Amino acid sequence: MTTSEQLFEKAKTLIPGGVNSPVRAFRAVGGNPLFIKSAKGPYIFDEDGNRYIELINSWGPMVLGHAFEPVEEAVREAIQHSFSFGAPTRKEVEMAELIIDMVPSVEKVRMVNSGTEATMAAVRVARGFTGRDKLIKFEGCYHGHGDSFLIAAGSGAITMGTPDSPGVTKATALDTLTAPFNDLYAVERLIDANANQIAAVILEPVVGNMGCVLPEPGFLQGLRDLCDKNGILLIFDEVMTGFRLAKGGAQERFGIRPDLTTLGKIIGGGMPVGAYGGRRDIMDVVSPAGPVYQAGTLSGNPIAMSAGLAMLRHLNEHPDVYARLEELGTRLTDGFRASMIKLGLDFTINHLGSMYTLFMTERPVANFVDAKTCDLPLFGRYFNAMLKRGIYLAPSQFESLFLSVALTDELVDQVIWANEEALKEVI
Ligand code: PMP
């Protein structure tokens, strides 16, 4: 038995399913989850001493690779001054200033502790601001585990076969309306059928949580126009795309200004952090400036702020990071395409910048229905064939992969080689 196997056996007796977040259990791909001991740069190491090339990167935030030295240094400095005060700090002001500087639509911002908290708060603010109850989300988008979002949810919810989770009340579910991603007409019909009742439209502007799915030309602008016409707030959930697809996230890349934005993970340099922000007049309804209540003892935690500031400052001062991420993403996906031509395969690759998914289907993937045509047992075999070759992928077809600038051209070529060999083995 490997150490990971021993730990998982024990974990299953102590923690539901043996894990603290469902996808980690490797249920969708078979096999035993790796218990991770450490990670550095482009590599992650398990408890058995195996080394893997990292393509999850903590589900996004490790855009500079693991244990990036300026972030480590900032944390070392910060811990000398205690770990939490539950009181305002200079670092929170610096963080707010930096986020507002980097993310085009954010004029005021509030820190929270996770992406889930950020989206829950953003929707409450939208409801409080508009005085309306309903919400439109897209099938296959994941916005954390808040009750309102566990309706046709992606990521772990679909991987575990529970896109509509038990435990969410019928009343809550009734307030969440869903449309297929990239379907403006469906959104328009929902708005017409619920006139003056929709507070917000929330989406991942580039989806990571049904695998990587791109907005079709005109989709984001179309949503912006529909929201403007109907007094609805547009919320971009940039928990994955923020500071990754561009310095200012997907909103910068596509030139669309949402009313509210949710951010996560990366703002803490990998520590538990989230944030929501947006138009000043909207954010000023948040307590204590206004009546919409939202709070957090650990919010703006000084260690997390220190890590995040070091990370975001580096990104802000090194735009070459984004050019490099583009190069890496293009090199990898071009390599995958060349392999598929060689092998006579025609699987779909969706890719933008440093996010990509290889879908085990020949159908173009523009929404959740398309994503669900993938051959999931084949994905499971492919995942394990890659793992055997030292590549650490997300253990589900319904996830994006994330590259970091710690990768070199040589490591990308190694991934391309592993991909070709893995496909040969499993087809
Ligand atoms: N929104 C999106 C787009 C996400 O990808 C996630 C998590 N992967 C969340 C929200 C929830 O974030 P957290 O897991 O930090 O609660």
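Not measured: the values here are computed from a predicted model.

As for the domain arrangement of the protein
Here's step 1: Each assigned domain of the protein is listed with its residue range as follows: domain 1 (3-67 + 319-426) and domain 2 (69-317).
Here's step 2: Taking only C-alpha atoms into account, the centre of domain 1 sits 25 Å from that of domain 2.
Here's step 3: Counting from both sides, the interface comprises 36 residues of domain 1 and, opposite them, 35 residues of domain 2.
Here's step 4: The element that contributes the greatest number of residues to the side of domain 1 that touches domain 2 is strand 12 (residues 355-359), accounting for four residues.
Here's step 5: In terms of residue class, the side of domain 1 that touches domain 2 is made up of 22 nonpolar, twelve polar and two charged.

As for the site of the ligand
Here's step 1: Taken together, 17 residues are adjacent to the ligand, and Ser-114, Gly-115, Thr-116, Gly-144 and Val-239 come closest.
Here's step 2: In the shell around the ligand, the residues fall into four nonpolar, eleven polar and two charged.

Some details on the nonpolar core
Here's step 1: In this structure, Ala-126, Ala-200, Val-201, Leu-233, Ile-235 and Ala-275 are the most contacted members of the largest nonpolar core, which totals 132 residues.
Here's step 2: No fewer than three residues from each of domain 1 (3-67 + 319-426) and domain 2 (69-317) sit in this core.
Here's step 3: Excluding anything up to four places from it in sequence, Ala-275 contacts Ile-99, Val-109, Arg-110, Met-111, Val-112, Ala-118, Leu-263 and Ile-267.

Quick notes on the sheet that holds strand 5 (residues 134-138)
Pairing between the strands of a sheet is mediated by backbone hydrogen bonds and can be parallel or antiparallel.
Here's step 1: Overall, mixed pairing links the seven strands, which are arranged 4-10-9-8-7-5-6 in an open sheet. Pairing within the sheet leaves two strands with one partner each, and these edge strands are strand 4 (108-112) and strand 6 (176-179). Taken pair by pair, the neighbouring strands of this sheet meet at an average axis angle of 20°, ignoring direction.
Here's step 2: Helix 4 (residues 115-130) contacts strand 4, strand 5, strand 7 (198-203), strand 8 (233-237), strand 9 (260-264) and strand 10 (274-278) of the sheet and is inclined by roughly 165° relative to strand 9.
Here's step 3: Contacting strand 5, strand 6 and strand 7, helix 7 (residues 184-193) runs over the sheet at an angle of about 150° to strand 6.

A few points about the pairing of strand 5
Here's step 1: Counted residue by residue, strand 5 has five buried out of five residues, so it is predominantly covered.
Here's step 2: Burial along strand 5 is two-sided: Lys-134, Ile-136 and Phe-138 and Leu-135 and Lys-137, pointing in opposite directions, are all buried.
Here's step 3: The pairing of strand 5 with strand 7 spans three bridges and is classified as parallel. Residue pairing for strand 7: Ile-136 is matched across the bridge by Val-201.
Here's step 4: With four bridges joining them, strand 5 and strand 6 adopt parallel strand pairing. In the sheet register, Phe-138 faces strand 6, and the bridge partner there is Ala-179.

Here is what the cut-offs are and how they apply
Residue positions are counted from 1 within each chain, in the order its sequence is given. Totals for whole chains, interfaces and linings use all residues, but because this is a predicted model, local features are given only for residues with pLDDT of at least 70 and pairs of side-chain atoms are given and counted only at 80 or more. The start and end points of each domain follow an automatic or database-based domain assignment. Contact between two residues is assigned when their C-beta atoms, built from the backbone, lie within 7 Å. In this description a helix means any DSSP run of H or I spanning at least four residues, a strand means any run of E spanning at least two, and both kinds are numbered starting from the N terminus. Polar here means any residue outside two lists: the nonpolar Ala, Val, Leu, Ile, Met, Phe, Trp, Tyr, Cys and Pro, and the charged Asp, Glu, Lys and Arg; Gly therefore counts as polar. Being near a molecule or strand means, for a residue, that its C-beta atom, positioned from the backbone, comes within 6 Å of it. Joined through C-beta atoms within 7 Å, a set of buried Ala, Val, Leu, Ile, Met, Phe, Trp, Tyr and Cys residues constitutes a nonpolar core. Counting other C-beta atoms within 10 Å of a residue's C-beta gives its exposure: the residue is buried at 20 or more, exposed at 12 or fewer, and partly exposed in between, where C-beta atoms are placed from the backbone. Note: two strands are recorded as paired if DSSP finds a minimum of 2 bridges between them. Here an angle of 0 to 180 degrees is reported between the N-to-C directions of two axes, which are lines fitted to C-alpha atoms, with helices fitted over the stretch in contact.

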